[in-house]
Structures are given as structure tokens and as C-alpha cells.
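Descriptive analysis of the structure
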Amino acid sequence: ASLAALKLARRDDWRRERLRELVGLFREGASRFGLELMPSNTPIQPIVCGSEASALAMSAAIERAGFLVTAIRPPTVPEGSSRLRVTLSALHTPQQVQALLAAIADARERVDNGREAVA
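Throughout what follows, the structure given in this document is the object of discussion. (Residues numbered from 1 in each chain as written. Predicted model: local features only at pLDDT ≥ 70, side-chain atom pairs only at ≥ 80, totals over all residues. Heavy atoms only, no water.)

Attention shifts here to the side chain of Ser 59. Relative to the helices and strands, Ser 59 resides in helix H3 (residues 52-64). If near-sequence neighbours (up to four positions away) are discounted, Ser 59 is found in contact with Val 69, Thr 70, Ala 71 and Leu 84. (Helix = DSSP H or I, 4+ residues; strand = E, 2+ residues; numbered from the N terminus. Contact = heavy atoms within 4.5 Å.)

Close contact between helix H1 (residues 2-11) and helix H2 (residues 13-32) brings their axes to 5 Å; oriented N to C, the two are set at 55°. By the angle between their axes, H1 is oblique relative to H2. Residues Leu 8, Ala 9, Arg 10 and Arg 11 of H1 lie in contact with H2, whose contacting residues are Asp 13, Arg 15 and Arg 16. Across the contact of H1 with H2, the residue classes break down as 2 nonpolar, no polar and 5 charged. (Axes fitted to C-alpha atoms, helices over the stretch in contact; angles between N-to-C directions. Parallel < 35°, antiparallel > 145°, perpendicular 65-115°, else oblique. Nonpolar A, V, L, I, M, F, W, Y, C, P; charged D, E, K, R; others polar.)

Bringing the pattern of salt bridges into the picture now. Scanning the model with the defined rule gives 4 salt bridges in all. Of the charged contacts in the structure, one is a salt bridge between Arg 20 and Glu 17, with a shortest N-O distance of 3.1 Å. Residue Arg 20 and its partner Glu 17 are both found in helix H2; the two are separated by 3 residues, about one turn of the helix. Ionic pairing is found between Glu 52 and Arg 73, a salt bridge with its closest N-O pair at 3.0 Å. In this pair, Glu 52 is assigned in helix H3 and Arg 73 in the loop between strand E2 (70-72) and strand E3 (82-87), connecting sequence segments 21 residues apart. (Salt bridge = Lys/Arg side-chain N within 4 Å of Asp/Glu carboxyl O.)

Moving on, we get to the environment of Leu 22. Here Leu 22 is to be found in helix H2. Between the alpha carbons of Leu 22 and Gln 96 there is a distance of 9.9 Å; along the sequence they are 74 residues apart. Residues contacting Leu 22, with those up to four places away along its chain left out, are Leu 88, Ser 89, His 92, Thr 93, Pro 94 and Val 97.

Set out below in C-alpha cells:
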């Protein structure tokens, strides 16, 4: 099974290409929404939120919108640099990435304007 998986991974370049496209789409959209991204060309895209409370509130709001984006907070990251961890997969569609970006931007706006409970 391991050998078959390795052969498949070597042969199926479309997954890597698809991920590159989705990462580019995500980063471009995040920039348009003014989201603070950390440097990453990988399928893991960290969005800086600052406070632990903001990251948790945004994560909860995004989950209510139908997406699982976890909050990463101290002690995993330094105090004041809590972030959201977006993980893309080759099976996501561009439409799903756009919907996720809209949900993240909405969550940030709700938190920033006090319409989302910050613990």
C-alpha cells in the first residue's frame, strides 16, 4: 500500500498544481480583504489576529458559517500573535475558497465592531 501511494503521489502532479492555484487564490483574496497573512506558500495559511480572544471569537464565527478554521494561541505561539490556521486541500474548489474568505472577512468585521462576543 505504501509503494502504491508513493507511485500515485509521483504520478499525480495535478494535486500539487491545484494546491498552488488555491494557495495563490487564497492569498490574493486575503490581500483584497485586508487580512494579515504570514509568509507561507504551503497549504497552511496563518492569519494573524493578535489577541487570543479575537482569534477564538473569529474561529467560532467562521465555524458557524460552516468552515473549520482553528485558533492557534499561546503557548503554541507568542503572546499577542494568536492566529487562525487555514488548511487548504487539493479537493477544495475555488468557490469554497472564495466563500471561506468572505466568512473570515465577515468574522473579522464582526469582532472588530463588537458584534461578535470576545471571551
